[in-house]
Amino acid sequence: MSPLRFHLAKLRGAEAALGPPVPLAELAGRRVALVGNARSLAAGAGGAAIDGADLVLRINAAPLPSSLSHGARTDWLLVSVPVEEGRLSALAPRRLVWMTPRRRRLHWRLARRPGFAVLPSAWAEALAARLGARPSTGAMAVDLLARSEVAAVRLHGFDFFASLSLSGRRGARDVPHDFAAERAWVEALLARDPRFSL
């Protein structure tokens, strides 16, 4: 698709023209490590467990301060913000998934990458209605995995902004998410779905 046709598709809300939907079949039967960006993750030594998963999914710019705490692999990168080309090259994900329904921020250079896919807007909007606020990329990632036939999901680096994020300096009041609601929703998911652990 040319840049012009891509931008016209964004303006028209032609979601199917922006990229294929996220391929849930690739998750079926797999053990997944979903790595959030909580600063508290850097204090641990879970890197080997992360890299030992069948698939490692990371979020946005995915800071990796140490392989000891964060592991080294990135199979899928789930983004709601444009990520610099140098960072994408360093992470080298096989699949890049645009998560947020805010399509205006999606750049053509991201959409033309091999392995690009788009989370359906309806999923993010349904989650927003459930949470009463715009969901974080991490919450959308958890919801995506819950919709799949994944075998197991271990959440790493999810403390719901208690230790802030490695990817920025903003506080909870500076972002449009309700982390208390996200924590309650994830805790309820953990209680009812034995595939998930934190």
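Our structure's up above, just so we're on the same page.
**Student:** What's the story with the pattern of salt bridges in this structure? I'm lost.
**Tutor:** Note that side chains of opposite charge can pair when their charged atoms are close. Enumeration over the complete set of coordinates arrives at 11 salt bridges. Here Arg 103 ties to Glu 15 by a salt bridge, and the two come within 3.0 Å at their closest N and O atoms. Of this pair, Arg 103 sits in the loop between β4 (95-98) and α6 (108-111) while Glu 15 sits in helix α2 (residues 15-18), and the two are 88 residues apart along the sequence. Given a relative accessible area of 9%, Arg 103 falls into the buried group. The exposure class of Glu 15 is partly exposed, given its relative accessible area of 27%. Of the charged contacts in the structure, one is a salt bridge between Arg 95 and Glu 26, with a shortest N-O distance of 2.6 Å. On the criterion of sequence distance, the pair formed by Arg 95 in strand β4 and Glu 26 in the loop between α2 and β1 (31-35) is long-range, its members being 69 residues apart. Judged by relative accessible area, Arg 95 falls into the buried class, the value being 14%. Overall, the relative accessible area of 33% leaves Glu 26 in the partly exposed class. Overlapping salt bridges, with partners in common, bring together Arg 73, Asp 75 and Arg 94 in one network.

Procedures and definitions
Residues numbered from 1 in each chain as written. Predicted model: local features only at pLDDT ≥ 70, side-chain atom pairs only at ≥ 80, totals over all residues. Heavy atoms only, no water. Salt bridge = Lys/Arg side-chain N within 4 Å of Asp/Glu carboxyl O. Helix = DSSP H or I, 4+ residues; strand = E, 2+ residues; numbered from the N terminus. Buried < 20%, exposed > 50% of the residue type's maximum accessible area, 1.4 Å probe, protein only.

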